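Each chain, letter by letter, is given below.
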Amino acid sequence: ARNPDGYKNQYFKFTGEIIQAMEGGGYWNLRLNVTPVYSSFDNTLLFYEDTLFVSIGEAKNGARFLEGDIITIYGMCVGTQSYESIIGAEITIPRIDAYYFDLVG
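Please read these numbers as outputs of a predicted model, since none were measured by experiment.

Student: Just to check I follow, could you spell out the sheet that holds strand S5 (residues 90-103) for this structure?
Tutor: As a general point, the strands of a sheet are linked pairwise by backbone hydrogen bonds and lie either parallel or antiparallel. With respect to topology, five strands assemble into a closed barrel ordered S1-S2-S3-S5-S4, the strand pairing being mixed. Ignoring strand direction, the axes of neighbouring strands in this sheet form an average angle of 50°. Sheet topology places strand S2 (residues 27-38) next to strand S3 (residues 45-57); 11 bridges connect them, and they run antiparallel. Bridge pairing links Asn29 to Ser55 in S3.

Student: Explain the pairing of S2 here, please?
Tutor: It is a general feature of regular strands that their side chains alternate between the two faces of the sheet. Pairing of strand S1 (residues 11-24) with S2, which is carried by seven bridges, proceeds in the antiparallel orientation. For Ala21, the partnering residue across the bridge sits in S2 and is Leu30. The hairpin formed by S1 and S2 contains two residues between the paired strands, and Gly25 there has a positive phi angle of roughly 65°. Where S2 folds back onto S3 in an antiparallel hairpin, the turn is made up of six residues, including Asn43, whose phi is positive at roughly 65°.

Student: For this particular structure, what's the right way to read unusual backbone geometry?
Tutor: What you tend to see is this: most non-glycine residues have negative phi, and most peptide bonds are trans. Unusually for a residue other than glycine, Asn43 sits at a positive phi of about 65°. One can find Asn43 in the loop between S2 and S3. Even without a glycine there, the phi angle at Asp50 is positive, about 65°. Looking at the secondary structure, you find Asp50 in strand S3.

Student: What's the story with the nonpolar core in this structure? I'm lost.
Tutor: Side chains that are nonpolar tend, in soluble globular proteins, to be buried together. Judged by nonpolar contacts, the single largest core of 14 residues is most densely connected at Leu30, Leu32, Val54, Phe65, Ile71 and Ile73. For this core, the secondary structure elements donating two or more residues are S2, S3, strand S4 (70-84) and S5. The element contributing the most residues to this core is S2, with four residues. Not counting chain neighbours up to four residues away, the residues in contact with Phe65 comprise Ile18, Ala21, Trp28, Leu30, Ile56, Gly57, Ile71 and Phe101.

Student: It is not clear to me how the side chain of Ser39 should be interpreted in this structure. Could you clarify?
Tutor: Following the sequence through the fold, Ser39 ends up in the loop between S2 and S3. Of the residues examined, Ser39 reaches a relative accessible area of 13% and is grouped as buried. A polar side-chain atom of Ser39 sits 3.0 Å from the main-chain amide nitrogen of Phe41. Beyond its immediate stretch of four places on either side in the chain, Ser39 contacts Thr44 and Leu46.

Thresholds applied
- Residues numbered from 1 in each chain as written.
- Predicted model: local features only at pLDDT ≥ 70, side-chain atom pairs only at ≥ 80, totals over all residues.
- Heavy atoms only, no water.
- Pairing = 2+ DSSP bridges.
- Helix = DSSP H or I, 4+ residues; strand = E, 2+ residues; numbered from the N terminus.
- Axes fitted to C-alpha atoms, helices over the stretch in contact; angles between N-to-C directions.
- Core = buried A, V, L, I, M, F, W, Y, C linked by side-chain atoms within 4.5 Å.
- Buried < 20%, exposed > 50% of the residue type's maximum accessible area, 1.4 Å probe, protein only.
- Contact = heavy atoms within 4.5 Å.
- Polar contact = N/O pair within 3.5 Å; in protein donor to acceptor, adjacent residues only side chain to side chain.

Printed below as a string of structure tokens:
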């Protein structure tokens, strides 16, 4: 997140939880939290944090991405993506253009 432009044109694999899914024009735009946070009590996965913007084509079988899905994406960093929050603040986060994905859960 500190220097996403320094990672442009590099390939990455991330697993995380979809926190927002927006469909349109043959593509999906996802906000994906990718850093797992574990319980200090029993080391179970509690949630994911640290958000990426992911652009990905529609699934061949027409499956939809849903908030709460856990997916693994494979793609290239293209720098950052800015958008306006619901309260009007501008937010800029790292962007990955994904070429493949696996639904984990």
